[in-house]
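The residues making up each chain are set out below.
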Amino acid sequence: MSARDTTAASGPDAASHRATPIDGAAPRGGAPVPGPRQARPAEPTDESDSLARATWSRLAEPADHAAALLVAGLGAPEALAWVRHMAERGSGSPEPPPLPEPLLVSATPRRWEVAVGRWAPRLAGLDIRRELDVLERLGGSLVVPGDPWWPPGLDDLEHPPFCLWLRGDPALLVGRQEADAGQGSPGLPAREDRMAAGRGAGRALALVGARDSTAYGERMAIDLARGLTERGALIASGGAFGIDAAAHRGALTAGPTLSVSAGGVDRLYPAGNAALLQAVVDHGALVAEVPPGSQPARHRFLTRNRIIAAMTGATVVVEAAWRSGALSTAHHAMEIGRPVGAVPGPVTSMASGGCHRLLRQGATCVTDVEEALELLLPLGAADADAPKEALSAARRPGLLDGLDAISAAVVDALPARAAASIESVARAAGLSERETLAALGALELAGRAQRDGARWRRPARSR
């Protein structure tokens, strides 16, 4: 059930596959990614812990504070045993769990009784092996903390998921640096082995936005996703209509992509994106913190967003209205110290009101791939303005660019088409003839003024 022993595709055969967009067009990037695979869940190193964590993912709703506290303090198997014991006792005198004293401070015995009361109905007939069998039939795997492909960013959350149910390639969940720093096994594939080589290699960026998107927002999402994927960065999103779907489509033209589901991975939701999500599974990865069979309830979309924020190095909101749910991903990212960017839209567009709100709150303005990549890389490792500066320098400078005040006044005083005398230029510039003549001499050397006998004019290219 753990991804530790998952037989994910790797080696030369895996590298020979290329990502294929859902419309069948050839990918624009050259990212080697595995084709459709059967990832066989094998026996975990610690089956009791894996089974217990999988059980907790069914027992408690995502981001359940009491459940997270209990599992963190006792471990998943002991926490599950305590809940079963309390459920069998029934109502009566509340008994707090045997947690360390600092952890007990945040919850009273009565709160523990309430927590057990909401978990107990799901205990009846609960056998998580059924869901694990479904996952195995789908060729998926279960990833738990301590596995080599467990995303370390999830540990930054106050309420991390108990496990991840995954379909697709688990190697996309971590970069090489993260795998080496954790408990990874040497030689196991990581994100860099599945992505194109580039400055973004090994890193992941969340590209999210509203379902009710505009053509402008979708175009920006596709262009950003494609460009970042071509530079080796993995795009993560939520698989929903609108901006999420556009981000996945753009990424799939150049490499794999990662989708985080609010429901079980056995159900490709929404149904209108089933073909797209199947392409994500075949050429990337689909993950969820809830087991197969779980419905994508409305509240699970909001808790799902914290997973997207934590699994990635930065979040960019492409298009979102003032109260869009996509903004919660940005807020989760801010809470755990991840960089947040927003794409500006027309100031008259309600569809971009949420992005403009983020910009007022301190988010970084993102208008192109280089600016998005700058969020992912270490401080100083990228200069998103450099390409723009180079492009600007290659163009003809403006009439007064780079000139001091006197020279600018003299150039501005020169007629646009005719030639003028020193006296005329000096009078128009409000300068003495001596100042004007000195400035014209320097401007002539710089090619910004031209002598015409005793008169002066602008060069033909400056008119």
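The structure displayed is predicted, hence computed values, not measured ones.

Here we have three strands laid out as an open sheet, ordered β10-β12-β11, and antiparallel in their pairing. With one partner strand each, in any of the chains shown, β10 (420-421) and β11 (450-452) form the two edges of the open sheet. Across two bridges, the pairing between β10 and strand β12 (residues 455-457) is antiparallel. Within β12, the residue paired with Ser-421 across the bridge is Arg-455.

The subject of this paragraph is the nonpolar core. In terms of nonpolar packing, the biggest core is built from 38 residues, with Leu-154, Leu-173, Leu-258, Val-287, Met-311, Val-317 and Leu-358 touching the most fellow members. Among the elements that line this core, the one with the most residues is helix α12 (residues 298-311), at five residues. If we skip the residues at most four places from it in the chain, Leu-258 touches Leu-173, Leu-234, Ile-235, Ala-236, Ser-237, His-248, Ala-285, Val-287 and Met-311. Grouped together as the second largest cluster of nonpolar side chains are 26 residues, Ile-222, Ala-251, Leu-375 and Leu-376 included.

Along strand β3 (residues 204-208), five of the five residues are buried, which leaves the element largely enclosed by surrounding structure. Residues Ala-204, Ala-206 and Val-208 line one face of β3 and the alternating positions Leu-205 and Leu-207 line the opposite face, and both faces are buried. As paired elements, β3 and strand β4 (residues 234-237) share three bridges and run parallel to each other. Bridging across to β4, Ala-204 finds its partner in Leu-234. Running through helix α9 (residues 215-230), the crossover from β3 to the neighbouring parallel element β4 is right-handed. As paired strands, β3 and strand β7 (residues 314-317) are joined by four bridges and run parallel to one another. Each bridged residue has a counterpart across the sheet, and for Ala-206 the counterpart in β7 is Thr-315.

Moving on to the pattern of salt bridges. Across all of its chains, the model carries 17 salt bridges by this definition. In this structure, Arg-457 and Asp-452 form a salt bridge, with 2.8 Å as the shortest nitrogen-oxygen distance. Look at Asp-452 and you get partly exposed, because its relative accessible area is 35%. Several salt bridges converge on common partners, so that one network encompasses Glu-61, Arg-122 and Arg-300.

The nine strands are arranged β1-β2-β6-β5-β4-β3-β7-β8-β9 in an open sheet whose pairing can be described as mixed. The sheet is open, and its two edges are formed by β1 (141-143) and β9 (364-365), each paired on a single side. Strand direction decides the pairing type here: strand β2 (residues 164-168) and strand β6 (residues 285-288), joined by four bridges, are antiparallel. The residue bridging Trp-165 from the neighbouring strand is Ala-288, located in β6. Packing of α9 onto the sheet brings it into contact with β3 and β4, and relative to β3 it is tilted by some 170°.

Turning our eyes to something else, we now look at the environment of Arg-306. Relative to the helices and strands, Arg-306 resides in helix α12. Since its relative accessible area comes to 4%, Arg-306 is described here as buried. Measuring from C-alpha to C-alpha, the distance between Arg-306 and Pro-160 comes to 8.9 Å, with 146 residues separating the pair along the chain. Other than its neighbours up to four places away in sequence, Arg-306 contacts Pro-62, Ala-63, Leu-157, His-159, Pro-160, Pro-161, Glu-289 and His-332.

By the secondary structure assignment, Ser-57 is in helix α2 (residues 47-59). Owing to a relative accessible area of 5%, Ser-57 belongs among the buried residues under this scheme. One polar contact links Ser-57 to Trp-165, side chain to side chain, over a distance of 3.2 Å. In contact with Ser-57, other than residues within four places in its own chain, are Phe-162, Cys-163, Trp-165, Glu-289, Val-290 and Pro-291.

A few words now on the state of the cysteines. Counted according to the given criterion, the structure contains zero disulfides. Considering cysteine sulfurs only, Cys-355 is the nearest to Cys-365, which forms no disulfide, with 9.9 Å between them. Under the relative-accessibility criterion, Cys-365 is labelled partly exposed at 40%.

This part takes up α9. Here α9 is 16 residues long and its end C-alpha atoms lie 22 Å apart, about the 22 Å a rise of 1.5 Å per residue gives. Among the residues of α9, Gly-217, Met-220, Ala-221, Ile-222, Leu-224, Ala-225, Arg-226, Gly-227, Leu-228 and Thr-229 are the ones counted as buried. Packed against the buried residues of α9 are β3, β4, α10 (243-252) and α15 (369-376). Just downstream of α9 lies Gly-232, where phi reads positive at about 95°.

Burial analysis of β2 places five of its five residues in the buried class, which makes it a mostly covered element. Here β1 pairs with β2 via three bridges, running antiparallel. Bridging across to β2, Leu-142 finds its partner in Trp-165.

Predicted coordinates in regions of low pLDDT should not be interpreted in detail. Averaged over all residues, the pLDDT of the protein equals 86, while 83% of them reach at least 70. Contacts of residues 2-45 to residues separated by more than four positions or lying in other chains number 118 contacts, the stretch itself having pLDDT below 50.

Counting across every chain of the model gives four aromatic pairs. For the pair Trp-56 and Phe-162, a centre-to-centre distance of 5.9 Å together with 35° between the ring planes defines the contact as tilted. A residue pair is termed long-range when its members are at least 10 positions apart, and Trp-56 in helix α2 and Phe-162 in the loop between β1 and β2 qualify at 106 residues. These aromatic residues form a ring-pair network of at least three members: Trp-56, Trp-119 and Phe-162. When the ring centre of Phe-301 is taken as origin, the NZ or CZ atom of Arg-211, which lies over that ring, is 5.0 Å away. Its end group placed over the ring of Trp-322, Arg-357 keeps NZ or CZ at 4.7 Å from the ring centre.

Thresholds applied
Residues numbered from 1 in each chain as written. Predicted model: local features only at pLDDT ≥ 70, side-chain atom pairs only at ≥ 80, totals over all residues. Heavy atoms only, no water. Pairing = 2+ DSSP bridges. Helix = DSSP H or I, 4+ residues; strand = E, 2+ residues; numbered from the N terminus. Core = buried A, V, L, I, M, F, W, Y, C linked by side-chain atoms within 4.5 Å. Buried < 20%, exposed > 50% of the residue type's maximum accessible area, 1.4 Å probe, protein only. Contact = heavy atoms within 4.5 Å. Right-handed = clockwise from strand over helix to strand, strands pointing away. Salt bridge = Lys/Arg side-chain N within 4 Å of Asp/Glu carboxyl O. Axes fitted to C-alpha atoms, helices over the stretch in contact; angles between N-to-C directions. Polar contact = N/O pair within 3.5 Å; in protein donor to acceptor, adjacent residues only side chain to side chain. Disulfide = S-S within 2.5 Å. Expected span 1.5 Å × (residues − 1). pLDDT = per-residue confidence, 0-100. Phe/Tyr/Trp six-rings, centres within 6.5 Å; stacked < 30°, edge-to-face > 60°. Lys NZ or Arg CZ within 6 Å of the ring centre and 35° of its normal.

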